[in-house]
Amino acid sequence: MPVQRRGAAIDIAGLRREYPGTRGSVVAIDHVDLRIAPGEFLCIVGPSGCGKSTLLRILAGLDRQTAGTITVDAAGWVVENAMVFQESGLFPWMSVEANVRFGLDTRGVPRAEANARVEAALKLVGLTRFRNHFPHQLSGGMRQRSAIARAFVTDPGMLLMDEPFAALDAQNRVILQGELVRLWEQTGKTVIYVTHSIEEALLMGDRTVIMTAHPGRIKQVIDVPFPHPRDLLQLSASPEFGKLKLDIWRVLEEEVNRARAEMEK
Amino acid sequence: MSSKSPMSPKTQERLLYLISPIGLIALWQLLLMAGIGDRRFVPAPSDIAWRYWDMLTNGELETNTLATLWRVLAGFFLGSIPAIAVGLLMAMFRPIRIFFDPLIASLFPIPKIALMPLLLLVFGFGDASKIALVVIAVFFPVVINTYAGAANIERLYWDVAKNYGASQSVIFRRIVLFGALPMIFAGLRIALAVSFIVLVAAEFVSTKVGIGYMIWNSWELMQVDVMFVGIVTVGLLGLIATAILQEIERKVIPWKAE
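To start, this report covers the structure provided alongside it. All residue numbers refer to positions counted from 1 along the written sequence of the respective chain. For naming, the first written chain is A and the first written ligand is 1, with later ones following in the order written. Reporting in this predicted model follows two pLDDT cut-offs: at least 70 for local features of residues, and 80 or more for side-chain atom pairs to be given and counted; totals over whole chains, interfaces and linings ignore these cut-offs and use all residues.

**Notes on unusual backbone geometry**
All names here are of chain A.
Then step 1. A cis amide bond links His214 to the next residue, Pro215, at an omega of -10 degrees.
Then step 2. With respect to the helices and strands, the residue Pro215 is situated in the loop between strand S8 (207-212) and strand S9 (217-223).
Then step 3. Geometrically, the link from His228 to Pro229 is a cis peptide bond, its omega value of -5 degrees lying close to zero.
Then step 4. Strands are runs of DSSP state E lasting at least two residues, helices are runs of H or I lasting at least four, and both sets are numbered from the N terminus onward. Structurally, Pro229 can be placed in the loop between S9 and helix H7 (232-237).
Then step 5. Non-glycine residue Ser88 carries a positive phi angle of around 70 degrees.

**Observations concerning the sheet that holds strand S7 (residues 190-195) of chain A**
All names here are of chain A.
Then step 1. Here the rule is simple: two strands pair whenever DSSP picks up at least two bridges between them. With mixed pairing, the six strands of this open sheet are ordered in space as S5-S6-S7-S3-S8-S9. The sheet is open, and its two edges are formed by strand S5 (79-84) and S9, each paired on a single side. On average, adjacent strands in this sheet sit at an angle of 20 degrees to one another, irrespective of strand direction.
Then step 2. Where S8 and S9 come together, six bridges link them in antiparallel fashion. Within the sheet, the bridge partner assigned to Ile210 lies in S9 and is Gln220. The axes are straight lines fitted to the C-alpha atoms, using for helices just the contacting stretch, and the angles between their N-to-C directions are given from 0 to 180°.

**Digging into the sheet that holds strand S2 (residues 26-36) of chain A**
Residues and elements named next belong to chain A.
Then step 1. One open sheet accounts for three strands, arranged S2-S1-S4; its pairing is antiparallel. Two strands in the sheet have a free side with no partner beyond their single neighbour: S2 and strand S4 (67-73). Between one strand axis and the next, the sheet turns by 15 degrees as a mean value, whatever way the strands run.
Then step 2. Residues are defined as contacting one another if the C-beta atoms placed from their backbone atoms lie within 7 Å. Of the strands in this sheet, strand S1 (9-19), S2 and S4 are in contact with helix H1 (residues 52-59), which crosses S2 at around 65 degrees.

See the structure below:
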């Protein structure tokens, strides 16, 4: 069954973010143009310093662009976006349940409705039994599951994910990637997923945006040809996947060599 | 190495913890019993213990202890609650911080006991002047620690709160207050010790009841053993109060990793 895509649409045009500094300003991102369709799973890959997190923070309303426009069509969504942070960002002084409920409390969702939604979200990520635990009592994977539940429970038009699985061990990462893709396939929300792993991006997303650093620009946008629903394990072992990965690495290799040559000049 | 140790490492540590004070008291007792030192000026631990029992049974110690305890507790709460509020507001609102910063920087270093004559003028010789002194002394360590705790909450948590639609009041009640709690308790512990320090000093001159008065009065009457009873009592009160505060901290901050 194909994914029912129903999320926010985003139109980014000429986006630029400069940070003023004592020795001239630093351009974090420049000339970023991107159209994201409702319900698209978009991955953004790039080396550190390519401004991928800056782009995400601007979308999340935590930072402001210097120039350019972002138009979000989130009609019909009470909550425009919800972010999943790299280090989970769970409040250490709240139980798992209180953390998941946080985005509903702040928006004044009635108690009975909030209870039901929190219940469903905890069940979705398999943490019902751990609802009264504090974050420090959980494993890294369980913490990220809680953070994902906290985002999904608000029913946002788009999910913003900033390298959410980067701190996990390889085994947990594979498991959580699979769970996230399944959640997305069920809900069809717009997802913008920032990662430094090309493999992860190709495995999960509909499209992969490759960025380069200094200043952060879009180098290439790749349409990932594999249909959803996906079996990530099987996909990662397939020859088609291997070939796509190889092609992209070739492009990147060239880019890395160019950057290195420039540095050594 | 002995194959079977009868004591767990934990028990061994506890014993070690007790050896230095008990050893010191034993040494003190033995020296005086051996005739080294003048017992009129330096009473033996056993003399102090007798006097302690004596004062406990005739009610003198209770009266003075209760007076001191009441003043400490009243001053501690009246001083630390506004200090916590001001510290949190300073962390949240820049103008408030700019307003309070120079006040704290200039008033904190003043020895609080130097304010006692002024407070006697304003509040008279009753409990109010002593409580006011404790309030002032407690305010500074608590406000400084609270501010430091709230200002150093990781940026990540502010970002999460903002992204999840938290209002200023939600940020205050659910993020800043809780994020600052460990540092608030560190400030309260300091404040507790400070309140005993300034109060006992204040009671030397400005009252007819309290542990400080008891100590000073015994100096004037050359009752050195009573003096020691007072000193030991203050130490015990501080120890018990700190233990209670730590117990409350454990209850209030269950997320603090062991």
